[in-house]
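Each chain, letter by letter, is given below.
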Amino acid sequence: MNESVTPKSFTPFDRPVRAAFIGLGRVYDLNVRGYLDNDDVEVVAIVDPSDERRAQRQREWPDARAFRSIDELAASGVQLDAAEILLPIALHEEGVVQCLTSGWHVNLQKPMANDVASAHRMLDTARENNRQLRVMENYLFYEPLRRLKEVVDSGTLGTISGYHLKMVASGRGGWEVPGDTYQRQFEQAQRGRGTLLFDDGWHKLSTAVWLFGPIKEVRAWIGATEIVPGIEVDAPTTVAWEHVNGVRGVWDITLAVDMYLRSDYYTNDERWEVTGRRGFARVNRCTGRGIQQPSFEIYLDGETRAFHALDDDWASSFRDSGRHWLRWLHRGEGQLLWGAEEAIEVLRVALAAYGSSSRGGVGVDPRSLA
Ligand SMILES: NC(=O)c1ccc[n+]([C@@H]2O[C@H](COP(=O)([O-])OP(=O)(O)OC[C@H]3O[C@@H](n4cnc5c(N)ncnc54)[C@H](O)[C@@H]3O)[C@@H](O)[C@H]2O)c1
């Protein structure tokens, strides 16, 4: 798999990167962690049409200029190197194209786009303007998942036989999600891009591709549950797939509307369990705190080893993903993790799930999608 879209001419900055936040809503509280106390960056602008959100975020960046739109920022004469785009999904393409053509590198929140054509337009614009387009995937920076990948790659479990992912969305607990954020998620659902499979689920598909490489066949059975009159959530849902290397994965998405889940963030109870010929390894939680035993365990030859001292606060994955990007721009260290090509691969897997489900669960090759 290609790891980045690095134009050949890209040279790291020899000074802190001048950055802007574009979109100051709920996820800003997580993405900002990569920028705080970071010598690789100077935040010079914040952008949001909401007066309230600009005022709220200005307290963190008193020296940054505040704008209502990307157009205002572009016309302002503020010197900028990179944009952190935290916009609603339906605005990703427009915002990304505006930033890239203004000459700024972009770190974009997932899901990259609602369809492949839109994603390709963004990638083409990045290439034409010789700018970097990164689609951030904070789960690749979550320490228990990094440990899982290390164990899988090390061969400790023997040849991998298969794996499963579990995700339970609960209706009680966690932090407050503003009404307008929910409203945008419901609009996405009405476009056929559900919150659980497509939005939050993006991360699970990313980890699948990251752990085991390209996927050649997807089979899905996508359900719906009405939670209030006229509003449905895309569960129960089951998705199964086979990677090019022959490893199979299965993922169940369940809704537990009345269940209280302890969480500092969203109420999402998640697990990853990879089974090899000799044993298994399991990540017990991520966003929420459902299972409160150590977040990572390995079972091998009749013994369990549990890891008690990992940084398993989900928010740390945003901090580390953001720092990685800014260090990468400033000093050119390591891989991009991830570029637009990898995000398009994830998008294809999600769209293959929709294609499969609409045809009664037939196998769909993500690469066959137009
Ligand atoms: N990585 C993760 O785990 C994770 C978690 C939550 C959300 N997200 C993603 O982050 C993105 C944003 O999600 P959110 O929950 O913060 O949404 P949100 O609705 O809370 O925030 C979006 C913000 O963008 C602002 N906005 C709208 N139009 C704008 C424009 N033209 N220019 C500038 N700002 C504009 C809104 O006023 C709002 O403040 C989405 O892509 C979402 O899927 C990722």
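Look a little higher up for the structure.
Just so it is clear, the structure is predicted and the values come from calculations on it, not from any experiment.

Some words on the nonpolar core
Grouped together as the largest cluster of nonpolar side chains are 99 residues, with contacts concentrated most on A350 and A353. No fewer than three residues from each of domain 1 (17–138 + 318–337) and domain 2 (143–311 + 349–358) sit in this core. What A353 contacts, discounting residues up to four positions off in sequence, is L197, V218, A220, I222 and V239.

Details of unusual backbone geometry
A cis amide bond links A235 with the next residue in sequence, P236, at an omega value of 0°. Mapped onto the elements of the fold, P236 is located in the loop between strand 10 (231–233) and strand 11 (237–243). Between L337 and the following residue, W338, the backbone shows a cis peptide bond with an omega angle of -10°. Mapped onto the secondary structure, W338 falls in the loop between helix 9 (314–331) and helix 10 (340–358). Not every positive phi belongs to a glycine, and N130 is a case in point at roughly 55°. Summarising the element assignment, N130 is placed in the loop between helix 5 (116–128) and strand 6 (133–135). The class of N130 is partly exposed, set by 13 C-beta atoms lying within 10 Å. At D301, a residue that is not glycine, the phi angle is positive and equals roughly 50°.

Regarding the site of the ligand
Looking at the ligand, there are 26 residues lining it, with G23, G25, V27, Q109 and T181 nearest. Counting the residues that make up the shell around the ligand, at least three belong to each of domain 1 (17–138 + 318–337) and domain 2 (143–311 + 349–358).

So, the packing of helix 8 (residues 195–212) against helix 10
For the pair helix 8 and helix 10, interaxial distance at closest approach is 9 Å and the crossing angle is 120°. Comparing their axes, helix 10 and helix 8 come out oblique. Helix-helix and strand crossings are classified by hand; for helix 8 and helix 10 the assignment is right-handed. Mapping the contact onto sequence places L197, F198, G201, W202, L205, S206 and V209 in helix 8 and E345, V346, V349, A350 and A353 in helix 10. In terms of residue class, the contact of helix 8 with helix 10 is built from 9 nonpolar, 2 polar and 1 charged.

Rules used throughout
Residues numbered from 1 in each chain as written. Predicted model: local features only at pLDDT ≥ 70, side-chain atom pairs only at ≥ 80, totals over all residues. Core = buried A, V, L, I, M, F, W, Y, C linked by C-beta atoms within 7 Å. Buried ≥ 20, exposed ≤ 12 C-beta atoms within 10 Å, placed from the backbone. Domains from an automatic or database assignment. Contact = placed C-beta atoms within 7 Å. Helix = DSSP H or I, 4+ residues; strand = E, 2+ residues; numbered from the N terminus. Near = placed C-beta within 6 Å. Axes fitted to C-alpha atoms, helices over the stretch in contact; angles between N-to-C directions. Parallel < 35°, antiparallel > 145°, perpendicular 65-115°, else oblique. Left-handed = near helix turned anticlockwise from the far one by under 90°. Nonpolar A, V, L, I, M, F, W, Y, C, P; charged D, E, K, R; others polar.

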